[in-house]
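So the chains spell out like this:
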4 protein chains.
Amino acid sequence: MADVGFVGLGVMGGRMAARLLAAGHVITGYNRTKAKATWLIERGMRWAHSPRAVVEAAEVTLSMVTDTTALRGITGGPDGVLAGLGPGKIYVDMSTVSPAASRQVAAAVRDRGARMLDAPVSGSVSTLEEGKLSIMAAGDRDAFERVRQILEAIGPKVTYVGPNGQAVLMKIATNLSLAVQMLAFSEGVLLAEKGGIPRPIAVDVLLNSVIASPMIRYRGPFVLGRPEEAWFDVGMMQKDMTLALDLGRELSVPLPTTSVTDQLLTAARAMGFGSEDFAVLFEVLRTVAGMREAV
Amino acid sequence: MADVGFVGLGVMGGRMAARLLAAGHVITGYNRTKAKATWLIERGMRWAHSPRAVVEAAEVTLSMVTDTTALRGITGGPDGVLAGLGPGKIYVDMSTVSPAASRQVAAAVRDRGARMLDAPVSGSVSTLEEGKLSIMAAGDRDAFERVRQILEAIGPKVTYVGPNGQAVLMKIATNLSLAVQMLAFSEGVLLAEKGGIPRPIAVDVLLNSVIASPMIRYRGPFVLGRPEEAWFDVGMMQKDMTLALDLGRELSVPLPTTSVTDQLLTAARAMGFGSEDFAVLFEVLRTVAGMREAV
Amino acid sequence: MADVGFVGLGVMGGRMAARLLAAGHVITGYNRTKAKATWLIERGMRWAHSPRAVVEAAEVTLSMVTDTTALRGITGGPDGVLAGLGPGKIYVDMSTVSPAASRQVAAAVRDRGARMLDAPVSGSVSTLEEGKLSIMAAGDRDAFERVRQILEAIGPKVTYVGPNGQAVLMKIATNLSLAVQMLAFSEGVLLAEKGGIPRPIAVDVLLNSVIASPMIRYRGPFVLGRPEEAWFDVGMMQKDMTLALDLGRELSVPLPTTSVTDQLLTAARAMGFGSEDFAVLFEVLRTVAGMREAV
Amino acid sequence: MADVGFVGLGVMGGRMAARLLAAGHVITGYNRTKAKATWLIERGMRWAHSPRAVVEAAEVTLSMVTDTTALRGITGGPDGVLAGLGPGKIYVDMSTVSPAASRQVAAAVRDRGARMLDAPVSGSVSTLEEGKLSIMAAGDRDAFERVRQILEAIGPKVTYVGPNGQAVLMKIATNLSLAVQMLAFSEGVLLAEKGGIPRPIAVDVLLNSVIASPMIRYRGPFVLGRPEEAWFDVGMMQKDMTLALDLGRELSVPLPTTSVTDQLLTAARAMGFGSEDFAVLFEVLRTVAGMREAV
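Residues numbered from 1 in each chain as written. Chains lettered and ligands numbered in written order. Predicted model: local features only at pLDDT ≥ 70, side-chain atom pairs only at ≥ 80, totals over all residues. Heavy atoms only, no water.

S.K.: An account of the environment of D:Pro221 is requested, with residue identities and associated values reported.
M.R.: All names here are of chain D. The residue Pro 221 is located in the loop between helix 11 (214–219) and helix 12 (234–251) in this model. Separated by 18 residues in the primary sequence, Pro 221 and Val 203 have C-alpha atoms spaced 7.0 Å apart. Those residues in contact with Pro 221, other than ones at most four positions away along the chain, are Leu 207 and Ile 216. (Helix = DSSP H or I, 4+ residues; strand = E, 2+ residues; numbered from the N terminus. Contact = heavy atoms within 4.5 Å.)

S.K.: Would you mind going over the pattern of salt bridges in detail, with residue names and values included?
M.R.: Applying the stated rule across the entire model yields 56 salt bridges over all chains. Its salt-bridge partner being D:Asp262, residue A:Arg249 comes within 3.0 Å of it at the nearest N-O pair. Placement of A:Arg249 in helix 12 (residues 234–251) and of D:Asp262 in helix 13 (residues 256–270) is noted, with the two residues assigned to different chains. By relative accessible area, which is 10% here, A:Arg249 ends up buried. In this structure, D:Arg226 and D:Glu276 form a salt bridge, with 2.5 Å as the shortest nitrogen-oxygen distance. (Salt bridge = Lys/Arg side-chain N within 4 Å of Asp/Glu carboxyl O. Buried < 20%, exposed > 50% of the residue type's maximum accessible area, 1.4 Å probe, protein only.)

S.K.: If you had to explain unusual backbone geometry to someone new, which residues and values would you point to?
M.R.: Positive phi values are uncommon outside glycine, yet B:Ser252 reaches one of about 60°. When its relative accessible area of 12% is taken as the criterion, B:Ser252 is described as buried.

S.K.: Summarise the pairing of strand 8 (residues 134–139) of chain C; cite the residues concerned and give the values.
M.R.: Residues and elements named next belong to chain C. With respect to burial, strand 8 is a largely interior element, six of its six residues being buried. Because side chains alternate across strand 8, one face comprises the buried residues Ser 134, Met 136 and Ala 138, and the other comprises Ile 135, Ala 137 and Gly 139, equally buried. The sheet contact formed by strand 6 (residues 115–118) and strand 8 spans two bridges and is antiparallel. Across the sheet, Asp 118 pairs through a bridge with Ala 138, a residue of strand 8. One ladder, built from two bridges, connects strand 7 (residues 121–122) with strand 8; its direction is antiparallel. From the neighbouring strand, Ser 122 faces strand 8, where its bridge partner is Ser 134. Sheet topology note: the strand 8/strand 9 (residues 157–162) ladder contains five bridges and is parallel. (Pairing = 2+ DSSP bridges.)

S.K.: Give a detailed account of helix 4 (residues 68–75) of chain A, specifying residues and quantitative values.
M.R.: Residues and elements named next belong to chain A. Taken together, the buried positions of helix 4 are occupied by Thr 68, Leu 71, Ile 74 and Thr 75. End-on view of helix 4: buried residues confined to an arc of 125°, all on one side of the axis. Within helix 4, the exposed residues directed more than 90 degrees away from the buried face are Thr 69 and Gly 73. If you follow the buried residues of helix 4, they end up packed against strand 1 (3–7), helix 3 (51–57), strand 4 (60–63), helix 5 (81–84), strand 5 (90–93) and helix 6 (99–111). At the exit of helix 4 stands Gly 77, carrying a positive phi of roughly 80°. (Arc of directions from axis to C-beta.)

Written out as C-alpha cells, the structure is:
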C-alpha cells in the first residue's frame, strides 16, 4: 500500500479518498474548506495545510477539482502542487479540464522531474459508491503502471488511452452525447405525450428500445419524477459541453447537436434549474412547448 | 394456423411473409412487382392479383409499404384493401406512416365493419432474420388479441400500446433518437480523432461507455468501415425524421436536436449518400469538417 | 380597363380588389364567406357564386388564398377556376404556395388552353395600403405583359422572374430571412438587455446599424411594444418556413438557420402566440431565457 | 488639436492614426512590429518604444488590438499602458473584447487616477476610408465629452452608450446578426438556385427586398464573386460570435441562430476559408449541399 496524497475532497474527491482509505492506503489530504474533510480525518486521513504539503508527503498525489481555473489554483504558486513535486513523484489529476490545460500542467510537472497523468472518471457519485466507476488514464505509460492499483481501488475499470491530455479529451468526447441523448429522448417523450400516449407508457417503450443507452436507462425515468439529489447537474454538464465546443473551435470540428443542446442547458440555468440533474432538459423542453411556466 | 394475407412484399415485407410461411400459416400475397415475390410463391405462398383479392381471401391481412402515399395507394380504389374488407376481418398495417393517415384508414376500415391495427416494427432486416424484431401494436384491443400469435411469428416482442395511431406515433418518437444519437456519437469520434486519438480507440472507448445504446453498439463501428448493405438508409431515416417534424408542428412540440439532425440528413442526400446506412452521417460531418471531398 | 375576376377576398385579397376597383376596373369577385365581401359589393364589385363563375365573367382572374390546400380547393372540381378557363383567358395566383403545386395548376391551366402566372406579393397589409407592395410574377412572358397594368394597380413594383413556379420560389427564398433576421435581432436585444443596457437604447443602436434591413426597421420596435394587429402572424410565417424546409429537402439544400428558427415558431404557437405578429419571437426567446412565464 | 497616443497600428489602427494625423493631431504611436508603422512615421507620427511611453507622451491614448489577450498584453506589465497612466489622462480602447475584460481594465485605469472608455467601431476598413465609420463609446461621460472630437476625426457617427463595457457589449449584440443574416441570405440564394433561378437574378431580387440590410446590400454580391481582400474575415467574425456565445452563457441568454451559425464558421475554417470574408459562408453551405468539393 502506497503513501497517497489527495487534493480536492469535495463530493467526488472525498468519496474517492474514502475508498482509498478503505483499501488500506495511507492518505494525506487537503481541501480548501477543511470542514468538508472532517469525516475523512476521522477515518484516519492525515491532514496537510496546502497542496504542496500533500505532494511532499506522498509518492503519488491525486487531485479532483471543479474546472480548469481550479486546477491552476491548486497547481500554481508557492503552496501549489508543482512546488512540491520532484523526481520520482507522480501526479494524477482526475478532474475534467481542457486537454490543453492538462498538457500545460503535465509539461510543468515534467520540468520538475516528475510525471503526470490525466485520469478523469466516467460515472457519478452513485457509480463510484457501487464500485463501478470507469477511469481513463493518459500520460507516461510507466507512470500509469505504477499507479494502476491505486486507481483500481477507486474504480475497477481502468483504461490507458495514450499521451497526456487524451484521457480528458476522450471524456469530453463521450460526455457531449449525455446531454444530446437526454434531449432527443425528451423530444420523443413529449411528442408521444402530446400525441395522446401517457408519459409512463412512452418512457417504458423507449427504455425497451434500441435507443436505451445505459445513461438513458438510468436517467430516462427522471422525466417521470425529478431526483432529489443531482449527481450530474446542469452546471457541470454545461461545463463539459463548453469544453467540447471550445475544443471544436480549436480543432475545427463542427458540433451541431452539441451546440443546440448547449443552448438549452443555458435555458435550463436561465429557468433556475442550474443545480438540478441535467435530465431537467425535459422540463426545459416542456416550457418551450408551452406546457409549464418558465419562472 | 390462420389464413393470412400480405400486401407489400419488399425487403421487409417479403421476409415477414416468409417467417409466417415457415410458421405454418397459409399466406395469400400481393406485391406491385410480382417478380419480387417469386421466391415466396416457390415456398408455397398463394398469389392474388390485387390488394382487394388478398383481403377477400384472408381473415387477417398484413401490409408493409414505404410511406403514407403508398398506404393510400394500396388501401383506396376499387382494387384496394378497403374494397375487400367486411365484418369480422382484421387489417394490420405495419408500415411507418403518419399517425393521422393511419387513423384515417382505420376509420374507413371501421366504416366497412372491419377493424384495423397499426403495428410498426422496431428493428431492421437483420433483427428480423435473427427473430428479434419488436412490434408495437395499436387499435382495437380485442382485434389485437386475435392477431397476437400471427405477429409473434414475425417478431417475438409484441407490445400493445393504445388506440389507433399510437403505435406509429411511438415508433416515430423512438426513431428520431436513432439519427440524433448517431450524429452526437460522430461528433465525439471526430473530436477525439482530430485531437490525436486513433479512431478505432475512440470508438472502442465510446462503445464501452454509458452512451452506448444497442443502436450505437450496432451502428457505431460503421464509422470504421461503411457496411456493404444499408439496412436503414438515409432516405428512410429522413422519412421518419420528417414525420416527427411534421408531428412536432402539428402538436406544437419543438424538436431542437431532431431538426438539426434532419438538416444533416439532407446534406447526406445532397452528397450522394441517400442509399447508404444513415451511419454515413459521420462522413457528412467529416465533410463539413473539411476532412473529405464533398462531391 | 379590363374585366378582372378575383377569388379569395380575405384580409389581403379584399384590399387588393378594392385597389383594382378604385383604379376603375370592373371586378367580379367570389369569397367562401360572402359576408366578408359585402364592403366590396357596396363599392361596386359584382358577385359571382363560384370561382368558375368568376373566371367565366372575366378575361383575367386573380386569386389570393391561404395555402396549397386552399389553392387546390378553388381550382379543382366542377365549380373551380379550371372548369371556367378556356383559350385566351389568364389566371394569376398571388398566394404563397409550393412551387410544385403552382406548376401543377399551371399545367392544368395550359391543358385548357389558358395561361397562368404565379405572382406572390412581398409586403403586408400596411405596405399594400401605402401603395408600396412589390409583386414578383412568373410564367408565360406574353401573359405577363398583358396583365402588368392590372398588377401595377395593386402594387407599383412588378418584376418578371421566369418560368412558372419561380416567383413563389423566390418569395419563399426571401421570406425565410424575415423570421431568421427577427430572431437574431432578438438575440442581440436580449443579450444587451441582460447585460445592463436598457432595451430602448439597444433597439435604437441596432436600428441605426448595418443590420437594420427595412424589415428590421419596421418590425424591430415591436420588441418594445407588441402591435395590436398582426400583419404577418406566426402561423403565416411558419407556413412559409415549412414551404422553405420542404423545398430544402426536395432540392437537397440544408437550411440551418431556417430550421432552428422554425422550431421557435413552433414554440411561439405552443405558447399561444400563433395569431400575433411573428416579432413575438422576442417574447419566445425571453421565455426560454427564463424572463417571462410560458403559459 | 490634442496630443494623442495610439497603440496598435495594424490594418484598422494604422488607418485610424492616419486620419488623426490628417486632421492635424500630434500623434505618438507604438506597434509590436515597427515596420508596419513606417508609413505613419513618414507622415509625421512620433514613435514610442512601448505602450507606456505612448501614454506618457499623450493626454489621450487610443488602442486597437485583436482580442482580449492582446488587450491584456498592451495594458499590463512594466511597459504597459497602465504603468504610464495617471490623473487626468484618458485611455480609449477601440478593440472588440469581452465586456468583462474591458471593465477590468477600466477598473485598473481608475485605480491609477485616470479614466477609460471602450469605443469599438462598427464598419470595416472601407467604411473607415470613406469616412463613414460609426463609433459607440462607453464609460465616464465627462471623459467621453473630452475625447469626442478626436473620435469624430476617425468616424463621424459617435454615440455615447452608457457605463464601461456597454459599448463593446452593444457591438457584440450587433455583430452576431452579421453572420446570421449572411447565412440566412445564402440559404435563400441556394434554394432559389437549386430550384432553377439563375444566381444573379436571385441575388438581385433579394437585394431589392425588405431583408436587404446595409450589410446584405454590401456583402450579398460576394456570393457572385468572392472579394480579393477580406475586410472582415471568418476568423474575426467567429471571434465576435464566440464573445456573444460566452456572454450568452454568462448572462443566461440562449442564442439559437448565433450558435448554429458559429458552427458553420467553424466549418468555414475547417475548409480553409479562415482568412476570407465571412460571406464565404455561402461556399460552406454549397459544400454542405454537395455542390462543391470540401477540400
